[in-house]
Structures are given as structure tokens and as C-alpha cells.
Amino acid sequence: MSYQKSSFRHPRLPVNDLGLTQQAYEGPLSTLCAGCGHDSIGAAIIQACHELSLPPHRIAKLSGIGCSSKAPTYFLNKAHGFNSVHGRMPSIVTGANMANKELTYIGMSGDGDTAAIGMGQFAHVVRRRLNMLYLVANNGVYGLTKGQTSATADRGSKSKKGEDNLLEGIDLATMAIQLGATFVARSFSGDKNELVPLLKAALSHRGFAFIDIISPCVTFNNHPGSTKSYDYVRDHIETASVSDFVPVKEEITSACPVGVTCRDICLHDGSIIRLQQTGDDYDPQNRAEAISAVEHHKAKGEILTGLLYVDPFAEDLHEVLETSDTPLNQLNEQALCPGNDVLQVINDSFR
Amino acid sequence: MQKIQSVNEFVVRFANVNGTGSASANLMFAKALFRMGLPVAPRNEFPSNIQGMPTWYEVRVSEAGHLGRRGGGPDLVVAMNSQSLARDMRSLLPGGYFLYDSTKPLEPEIVREDVNLIGIPISEICLREYEDPRQRQLFKNVIYVGALAALLDIEFEVLKGLVKDQFKGKEKLIIPNIYALELGHQYASVNFDCPLDIRVKRSDKACDQIMIDGNTATALGALYGGATVCGWYPITPSTSVVESFMKYAERLRINPASGKKNYAAVQAEDELAAIGVAIGAAWNGARAFTATSGPGISLMTEFLGLAYFAELPIVLINVQRAGPSTGMPTRTQQPDVLACAYASHGDTKHVLMFPSDPKECFELGAQAFDLAERLQTPVILMSDLDLGMNDHISAPLAWDDQTRYDRGKVLNAEELDEVERFGRYLDVDGDGICYRTYPGTHPTKGAFFTRGTSRDHYAVYSELGDIYVDNVDRLNRKFETAAKILPKAEIQTSKHGKKKKVGLIHYGTTAVAADEAIELLEAKGLAVDSCRIRAFPFGEEVAQFIEDHDLVFVAEQNRDGQMRTLLINELEVNPKELVPVLHYDGLPITARFISEQIETHQQGEPAKTSTLKVASR
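Residues numbered from 1 in each chain as written. Chains lettered and ligands numbered in written order. Predicted model: local features only at pLDDT ≥ 70, side-chain atom pairs only at ≥ 80, totals over all residues. Heavy atoms only, no water.

1. With respect to the overall build of chain A
Working step 1: Scanning chain A from terminus to terminus reveals 12 helices and 13 strands.
Working step 2: In terms of C-alpha radius of gyration, chain A reaches 21 Å, essentially the compact-globule figure of 20 Å for 351 residues.
Working step 3: Expressed as lengths along the three principal axes of its C-alpha atoms, the size of chain A is roughly 75 × 50 × 50 Å.
Working step 4: Residue pairs in contact within chain A that sit at least 24 positions apart in sequence constitute 71% of those at least 6 positions apart.
Working step 5: Of the roughly 14,200 Å² of accessible surface on chain A, 51% is carried by carbon and sulfur atoms.
Working step 6: Taking the 30 positively charged and 38 negatively charged side chains of chain A as two groups, their mean positions are separated by 7 Å. (Helix = DSSP H or I, 4+ residues; strand = E, 2+ residues; numbered from the N terminus. Rg over C-alpha atoms; globule rule 2.2 N^0.38 Å. Contact = heavy atoms within 4.5 Å. Areas by Shrake-Rupley, 256 points an atom, 1.4 Å probe, with all protein chains shown as cover. Lys, Arg positive; Asp, Glu negative; His and termini not counted. Charge placed at Lys NZ, Arg CZ, Asp CG, Glu CD.)

2. What to know about the layout of surface pockets
Working step 1: Approximately 1,100 Å³ is the volume found for the largest pocket.
Working step 2: Around the largest pocket sit 34 residues that line it, and Phe350(A), Leu27(B), Lys31(B), Asp213(B) and Asp391(B) are the ones nearest its centre.
Working step 3: Listed by contribution, the elements that provide at least two residues to the lining of the largest pocket are helix H12 (339–348) of chain A together with helix H1 (22–35), strand E3 (40–45), helix H5 (156–166), strand E9 (210–213), helix H8 (239–252) and helix H13 (385–389) of chain B.
Working step 4: Of the residues in the lining of the largest pocket, the class split is 13 nonpolar, nine polar and 12 charged.
Working step 5: Counting contributing residues, the lining of the largest pocket receives three or more from each of domain 1 (6–207) and domain 2 (212–394) of chain B. (1 Å grid on protein atoms, 1.4 Å probe; cavity = no way out; pocket = protein on both sides within 12 Å on 5 of 7 lines; lining within 4 Å. Points joined across faces, edges and corners; volume = space filled by probe spheres on them. Nonpolar A, V, L, I, M, F, W, Y, C, P; charged D, E, K, R; others polar. Domains from an automatic or database assignment.)

3. Description of the packing of aromatic side chains
Working step 1: A full pass over the atoms with the stated rule returns 23 aromatic pairs over all chains.
Working step 2: Between Tyr134(A) and Phe208(A) the ring centres are 5.8 Å apart and the planes differ by 50°, which places this aromatic pair in the tilted class. Of the two residues, Tyr134(A) sits in strand E4 (residues 132–138) while Phe208(A) sits in strand E8 (residues 208–214), which places them 74 residues apart along the sequence. Phe208(A) matches Tyr134(A) in its accessibility class, with the two residues each being buried.
Working step 3: Consider the rings of Tyr130(B) and Phe139(B), whose centres lie 4.7 Å apart with planes at 15°: the pair is stacked. (Phe/Tyr/Trp six-rings, centres within 6.5 Å; stacked < 30°, edge-to-face > 60°. Buried < 20%, exposed > 50% of the residue type's maximum accessible area, 1.4 Å probe, protein only.)

4. Looking at the pairing of strand E15 (residues 379–384) of chain B
All names here are of chain B.
Working step 1: The element E15 is extensively covered by neighbouring structure, given that six of its six residues are classed as buried.
Working step 2: Side chains Val379, Leu381 and Ser383 of E15 all project onto a buried face; the interleaved residues Ile380, Met382 and Asp384 project onto the opposite face, where all are buried too.
Working step 3: For strand E13 (residues 315–320) and E15, the ladder comprises six bridges, and the chain directions are parallel. Pairing of Val319 across the sheet is with Ser383, part of E15.
Working step 4: Across three bridges, strand E14 (residues 351–353) lies against E15 in parallel orientation. Pairing of Leu352 across the sheet is with Ile380, part of E15. (Pairing = 2+ DSSP bridges.)

5. Section: unusual backbone geometry
Residue and element names in this part refer to chain B.
Working step 1: Going from Thr236 to Pro237, the amide bond is cis rather than trans, its omega being 5°.
Working step 2: Positionally, Pro237 belongs in the loop between strand E10 (229–232) and H8.
Working step 3: At the junction of Gly323 and Pro324, the peptide bond is cis and its omega measures out at -10° in the coordinates.
Working step 4: Its location among the elements puts Pro324 in the loop between E13 and helix H11 (337–341).

6. A word on the side chain of Thr227(A)
Working step 1: Mapped onto the secondary structure, Thr227(A) falls in the loop between E8 and helix H8 (230–236).
Working step 2: Here Asp154(A) takes part through its side chain, which lies 2.6 Å from a polar atom of the side chain of Thr227(A). (Polar contact = N/O pair within 3.5 Å; in protein donor to acceptor, adjacent residues only side chain to side chain.)

7. A look at the domain arrangement of chain B
All names here are of chain B.
Working step 1: What the domain assignment reports for chain B is domain 1 (6–207), domain 2 (212–394), domain 3 (413–485) and domain 4 (490–609).
Working step 2: Using C-alpha coordinates to define each centre, domain 1 is positioned 36 Å away from domain 4.
Working step 3: The interface of domain 1 with domain 4 comprises 10 residues on the first partner and 10 residues on the second.
Working step 4: On the surface where domain 1 and domain 4 come into contact, there are one salt bridge.
Working step 5: Two residues, Glu516 and Arg60, come together in a salt bridge whose shortest N-O distance is 2.8 Å.
Working step 6: Where domain 1 touches domain 4, the interface holds four residue pairs in polar contact (both at pLDDT 80 or more).
Working step 7: Considered class by class, the residues forming the side of domain 1 that touches domain 4 number one nonpolar, four polar and five charged. (Salt bridge = Lys/Arg side-chain N within 4 Å of Asp/Glu carboxyl O.)

8. Quick word on the environment of Val242(A)
Residues and elements named next belong to chain A.
Working step 1: Within the secondary structure, Val242 is located in strand E10 (residues 241–246).
Working step 2: We classify Val242 as partly exposed; its relative accessible area is 40%.
Working step 3: Sequence separation between Val242 and Cys262 is 20 residues, and the spatial gap between their C-alpha atoms is 9.4 Å.
Working step 4: When sequence neighbours within four positions are dropped, the list of residues in contact with Val242 reads Arg274, Leu275, Gln276 and Thr278.

9. Quick notes on the interface of chain B and chain A
Working step 1: If you look at the interface, chain B gives 68 residues, while chain A gives 54 residues.
Working step 2: Interface area, chain B with chain A, both sides summed: about 5,100 Å², of which 61% is carbon and sulfur.
Working step 3: One can count three salt bridges joining chain B with chain A.
Working step 4: One salt bridge connects Lys260(B) with Asp325(A), and the closest N-O pair in it is separated by 2.7 Å.
Working step 5: Where chain B meets chain A, there are 27 residue pairs in polar contact (both at pLDDT 80 or more).
Working step 6: Sorting the residues of the side of chain B that touches chain A by element identifies H1, E9, helix H7 (214–224), H8, strand E11 (264–267), helix H9 (271–283), helix H10 (294–310) and strand E17 (449–451) of chain B as the ones contributing at least two each.
Working step 7: When residues of the side of chain B that touches chain A are assigned to their parent elements, the largest contribution, eight residues, is made by H9(B).
Working step 8: In terms of residue class, the side of chain B that touches chain A is built from 37 nonpolar, 19 polar and 12 charged.
Working step 9: With three bridges joining them, strand E2 (residues 80–83) of chain A and E17(B) adopt parallel strand pairing. When the bridges of E17(B) are listed, Phe82(A) appears paired with Thr450(B). (Buried area = accessible area lost by both parts, 1.4 Å probe.)

10. Some thoughts on the pattern of salt bridges
Residue and element names in this part refer to chain B.
Working step 1: Taken as a whole, this structure holds 46 salt bridges over all chains when the rule is applied.
Working step 2: Ionic pairing is found between Glu360 and Arg534, a salt bridge with its closest N-O pair at 2.8 Å. Of this pair, Glu360 sits in helix H12 (residues 358–375) while Arg534 sits in the loop between strand E20 (528–533) and strand E21 (535–536), placing them 174 residues apart in sequence.
Working step 3: In this structure Glu360 comes out as buried when scored by relative accessible area, which is 5%.

11. Brief notes about the side chain of Ser244(B)
Residue and element names in this part refer to chain B.
Working step 1: Within the element layout of this structure, Ser244 appears in helix H8.
Working step 2: Residue classification places Ser244 among the buried residues on the basis of a relative accessible area of 10%.
Working step 3: With sequence-adjacent residues up to four places away left out, Ser244 is seen in contact with Thr216 and Ala219.

12. Looking at the sheet that holds E15(B)
Residues and elements named next belong to chain B.
Working step 1: Taken together, seven strands build an open sheet; the order of strands is E11-E10-E12-E13-E15-E14-E21 and the sheet is mixed. Because the sheet does not close on itself, it has two edges, and the strands there are E11 and E21.
Working step 2: Lying on the sheet, H12 is in contact with strand E12 (288–292), E13, E14 and E15; it crosses E15 at an angle near 160°. (Axes fitted to C-alpha atoms, helices over the stretch in contact; angles between N-to-C directions.)

13. A short note on the sheet that holds strand E5 (residues 76–79) of chain B
Residues and elements named next belong to chain B.
Working step 1: Across the sheet, six strands lie side by side as E3-E4-E2-E5-E6-E7; this open sheet has mixed pairing. This sheet does not close on itself; its edge strands, each paired only once, are E3 and strand E7 (116–120). Within this sheet the neighbouring strands show an average axis-to-axis angle of 15°, counted without direction.
Working step 2: Direction of pairing for E3 relative to strand E4 (residues 54–62): antiparallel, over a ladder of six bridges.

14. A short note on helix H6 (residues 174–191) of chain B
All names here are of chain B.
Working step 1: In this model, H6 (18 residues) spans 26 Å end to end at C-alpha, consistent with the 26 Å of a helix rising 1.5 Å per residue.
Working step 2: Listed as buried for H6 are Ile174, Asn177, Ile178, Ala180, Leu181, Leu183, Gly184 and Ala188.
Working step 3: Summarising the contacts, the buried residues of H6 are in contact with helix H3 (122–129), helix H4 (133–152) and H5. (Expected span 1.5 Å × (residues − 1).)

15. Quick notes on the environment of Phe313(A)
Residues and elements named next belong to chain A.
Working step 1: As for its placement among the helices and strands, Phe313 is situated in the loop between strand E13 (303–310) and helix H10 (317–321).
Working step 2: Phe313 sits 250 residues away from Ser63 along the chain, and the two C-alpha atoms are 27 Å apart.
Working step 3: Apart from the residues lying within four places of it in its own chain, the contact partners of Phe313 are Arg206, Cys266, Leu267 and His268.

Given below as C-alpha cells:
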């Protein structure tokens, strides 16, 4: 492991529509453990944001506490970040989003931060349908405090000390679907080919997008007997559908491969998610089917990944609250202060 | 039979069953006196309950302008609750008047010899006049207001005007209500020698005033102060701050072109999230607030620590109620001074402001946003249930249209271009306040990580001791800056002659009782100066006031003398120099209580031996 991040990049790195190379989306050297799944997630976010040509400084990255919540430090260093308190990122990002509807909000959380201390806030940011991308780097273990079992650890999964987890694991993806999230996916930090298109689609989705990313902890939860180790996840993964993301500016040129069923889902901005169905053919725009598919695979000991559910045309919180088109943080006295004449009329109503 | 005699100086206490619509009738009574130009102070003593429990409503009228709770028992009781008849009878002053529903005779054992009974068969009248059981209940209240008009000589036209105002838009309710007033008025005129020896007479003492509750005024302060994002969770007695904010914002914060809202109010799942919403919005450059009471403060403490350390400007409105824990949720106190001043773990301190009347709720409520953004730290507005939920006579609210919001030290894109290297926590100006940037400002400069962890001048995480010390010492420097720019304490001096100088420190709603107490003491030849604290950290004038006096009383509404503790701790005052005067039974402190405590102390031992406590009515 090196202590300085090399600034050397290939001189002819591809540039995106903004003329930026991927370097403009990077962050400083990670201090997470070598091989940590979270760094792969960071790399996927960098790639997705670059490919979507999002201006890096128009992204806000928010997190709570834990290894996952440290991760945003290591990507998008042109973006403002907010490393808040444990389990409370959802309320912070709600306020931030209310203040400025024009930025792209990425919330980065973990299984402890979301499924335990932050469960209440998570549930409510989902049902609020805040326009954001909420990521859980899910490793089933508390890393910073050295290896305690978390609330998403599967029942029967073994801890590093060899103890069985006796309690039920929480499935955040099905919870999110039940609570009204309008984009829900599950992925694996070790599968960039799946994760990057999902991230791009989620970032383009208007409304609450949630991706539960299984992200193995190499230090505390990568041993035989763990159901969140690299080996276990690779062996038990079952893909709902292979997704491809087609931005609004591009036409769909590639035909659907022969023998595969494709389903194109158009997002509100005109971009398209193309799903190649594999195995079970279920409709990702049907909540009940999505939950049932996850449960069905879980019963077989499989982890269903890919896009699980999407409702591309649901209202987000700004639409529900009918907030002004100008971001609230840009309004001045003229728009905000009714002035003394109005106040005198108000006084009269109290006489 | 002794009869209390008084024109324009008395207390009427209504005893009702909660959930029967009595509070609005009682408010109509108070407002009628106000519209006759009289200073009046209505106070609702309501239970934490929806329906069926005893509730009281006390109205003090005082042409002299004494509007704190008087205490000592009412001059007139309107006893409409059979559950509390005996207690209400006992509460009355000798020679007072007891208005009751004589449909059912009073039990002889509760009747006192030294009070005047006024029996009106209100239920019987209602039974005769109304078919609908709901109307029979509702109009009872209006009938006794009509009777009081005759008994106390309230101008009937004024009452009619109030009914018309109240039912604007529901015109068909006007005539039945005026009819009910007339029923009461007529019965009293025919059966009693009206007016009584206590009565009102038109005055000009309250002509220019308004009558408004503190929470509405605070909400207007937030609206005029430019608040755009509100995170909230309902809790008595703060709920109406946010409800009023939304009510006015729905009218006054609509974009004329699009019809869309220039604000966002998010009802959160709890107080933790409510303040989180405000913090997130403030981080992103919006003026943001939340409102809560004691139990909410406990929950918000974690986030207050973050906002202090991460230097985020939010406004927190604390409408205090009696604690600890759930305490007495519908009773007033000033019990959160220490919890708010030092909220959260680690070395934290917060800026507090203490409004004492609705006008100040409005002014400090608006100013809080300027101060929070100037100081980049939470500002907590310390109201209380008495101020927040009761109507008070107040000077009219005023706004200077030249006012420009002070958004504090924020760098925009052009300014960032001129900076060689932006350091979020570089104390460029030496006042402890550094420059911040809003997210999304500049493509390549000014981005940083906001965090609750220790960091260096450039917002980079650090656990190096000297970097930590440098940062927390700067926060202290910022607090010193705060002490210089916060509203100064209001100091009033009397003529002392050569006697030893006595001072009285107070704050918030204790002010109205303290001012009256000083008059009471002055009448007895005891001159007392006063210092009304309006903000924490304390300005120099507070330390000076203590130094200038031989003996200083600190009057407040909590058991432990929390402001006194704060003064001792922050100003390094000898505890013996500050004598606590503490009232904490959940009802507002009275002038009698303060003056008696000070008098007793002055007659007795020197300061050090007595701790004046025990709240009594």
C-alpha cells in the first residue's frame, strides 16, 4: 500500500461532454483497508458520474458514521461533503435537498448506519421520496469498532470468531420497496459491470433511488461461514436482469441479443434503462412482484441482484411540497420578506 | 356582606371542562376588555388532555399595566365545572364574586359566607333555547360572557363586533352567537344589581397595542427573517410556532408567477430528524429553523453538538415547559437554560436569546437568523409556554424595509477565484469566524468536507493535539465575538440614596412580574435596580451590573437557579453575591412572590445564609 496517491494519468484519458477526464471525479488516497469493497463502490461512482458528465461540483455527498461513511472522502473531491452523525444522514440530506433542488445528492451509508441506528431516519427519507441516490455499502459487520455483527447479517452467518448470528437479517431492499422508494436495486461491489449502469440509472432517476450494495469487509467478514464474503456472494449471486443505461442524448443502436428478452424503461429525463431478462421474467415496475422475487431467491439461498423495482414517473418531495423553481437558498429579501406594510395589516388582525 | 370594589384592576378566573370550546369564549371576554382600551392578560391553564379534564383560564385586567400573573386568588370566578366547584370556591378572595350555573343548587358545605354568589341557570336556559346537544354546550360559554358584560359593564357593541370578526365568512353563526350573548346579558340585568362593584371602564391605556401570542410573533419573526426551510415535529407548547409559520407562509411566501412556495416545511419523524433537516438546509445556504420544547431539546442535543463543531447556522426555537422528562407538558417554566447553554457532549456552548414579550419574539426571532449566519453556529431562542401560547398585550410589530439580511462570511465564485488557497477554518479576520462556501459554488475551488470530527484549517481530518486545540480555542474566540454583538441586557436603575445597592437579574417572561415587583418594593421604600438578560454569552454590562451592586437577586422559573449557575460559572461571580428567587410550580411567577422574597431576605439574614425557594401561589 502506498501513502501518496500518484497524480500520473495517461495523457490521453477519455474526456466526457464537459471535457473532463475521470481524474476530475477522483478523491484523495483511501485510508480504508486494502481490498475493501467500499473503494470499489467509490471507483464505480467516479466512473458513473464521469460517464454521465455530471459537473463534479454540482454533486453533494453526504454520509453518517462508519467505514462506509468515510468512503465519500475518497471520491469526488470537487464536491462538497458532509460527514454527519451516526444514522442521521437522511435528515441532513433532506434539509440540503430542500435548500437547493439543483444539486445531485448522493448519500453513502452502511448497514449499521442505516439498518440499526439510522433505521428510523432511513424509513422516513424513503417515504418522503427525496430526490437522491441512497447507497448502502452492506458488509454485515461493524468495521470501525472491529467486527461486531450488524443488523443485515444473515441468520446463521458466522462471525470471524466463529459464532453463529442467531437473529434475523434485515433486507433493506425489500424494505425500501415497501416504504415507497421509486428505484431499488441490489448489487455487488465486486461486479462493476453491473454496478456502474445501475448507478447511472439511479443518478438519472428523479425521486428516491436506493441501491443495496453488498460490499465485503476484507478484515472482519470475509471468512468461510460468512454470507457476505467475496467467495460466498460470488457463488450465490443471481442476476434479475442485466441492465444497460442509455443516456438521453444517445439513440439505442444496439439490438437486443438474439434469444434474450429486453425491456426498455424510459426515465423522466428521456434516458433509458435497458434490461436483458435472465431466468425469471418479472416486471420491475410491479412492487409486489419485485418483493416476491427477492424472497423467492432468498428462500433458495440466492442473492438477487440488479434492478429490482422502478417507478420512473413518481413525484418527488419538491413536487409534493410545491416548492419554487428557484432553489430556496437563492431567494433574497425581495422574495422572502413581505415588508412593513403587510406587517401593519397583520397587526390590525390582532387588535 | 363584603364586596370587592375595583374599577379596571381585577382578576377573573374561569373554571371549565376542557374540550368544550370555553377557551375561545374566554378569549372573547379578554379581547372585549382589550378593545375597550384596557391592558389585559389572559392565561390558559390547560391540561395535557383532549376532553373532559378541568381547565382554567385567568384574565387579569390592569389599567396600571401590570400584566404578570397576579396570584393571591381571583376577584371573580366563573365556575362552569362541577368537578372543581369546591376548589374554585376556595380560591376566591374574600368579598369576591362567584358566578355559577344555578340549574343545580350548590352543595351547602362548599358555600363560603364571605363571597357573593351569582347564580345563573345557564343549563336551563340552554335546554330551553337549543335543541342540538352540541349547541347546548357551546352556547353555555357565550351566555356567561353575555352575563359578564352586564355584570362588569362591558360595552355590548364591542362584544358584537368581536363575534362578527370571529365568524367572518361563516355569517350564519353571527346571529345565534349574539343572541346567546343577549340571553346572558338580559338574565344578569334583570336579576342582579348591574354593574357589580368590580367593573370596567373604557380607557386609553392599550389603544395602540396589539394582542398576540408569542409563538405567532416568533413565527412572523422567522418569516420576516427569511427562513425558507423548517424541519419540525409537533410538541406542546411549540407546535403553533411552525403552524403559524406555515399559515402565514401559505399566504405571503407564494411565488406570484408560478404559484409555487418560497419555503419548505418538512414534518419529520422525530426531533432528531427535525433539527437534522434544519442543519442540512443551513449547510446548503438556506435560512433554516426548527421549534421544540424540553423533551425535543434532549433529542436534539446530539445534532446541536455537530452544528456547534461543524459551525452551521441554524435557529432553534425552544418554547420551554416544565420538566424533567415529560414533566408538566402544559405548564410553564424556564428550565432549559443549562441544557441549552451547554447542550451536547464535549466542550460546547451555544448562543441563547431570551425574548420577554411578543414584540421581542418577533424581533429576536428575525435577528436570530442574522446572528446564526454571522456567527456560524446555532442560535437558540428561549421562549416559554406562558409567552408562546398565551395572548399578550404588545407594542405593534414593525419592520424596517431597508433591512438587508446579514448572510455572514460566505465566499461566492468570484471571491473564491481571488483566494489563493481556500481554508474553511482559517481565522482570517481574527474574530474566530472563518469563511464558508455553499455546495455547488465553484467548479474547482471551495469544496470541503463538513464534519463533526477534528480538522485542520483546510478542513482535513486530523487528530493532532495542537490542531485540535487551535480549533477549539478559535471556537472560544468566536464566542467572545458573540458576546460583543448579541443584544445587550436591559438595565433599569432607581434612586438609591445612600442605602446599599440592591439589584434584580431576570430574563424572559419573568420580566413582567419583576417590573411590577420593583414597583411594589419601591412603594415600600426599597429601591431595586434591574438587569434583564437578553442573550448568552453575557455582555460586559451583566458583569458590571453584578459588580455595581451590593446584593443581587436572580429571579427565574426553575428549581435549581439555572441562570444563576450560568452567571456564576461564566462570570466567575462569588455564589454568595447572587441570591436565587425561584418559582417553579408550573404557573407564571408573580410580582408578589418576587417582592415578598426580596423583602423577607432584606429583613432577615445577610445574603449567604438564605436560599430563597419554595414556590407558593
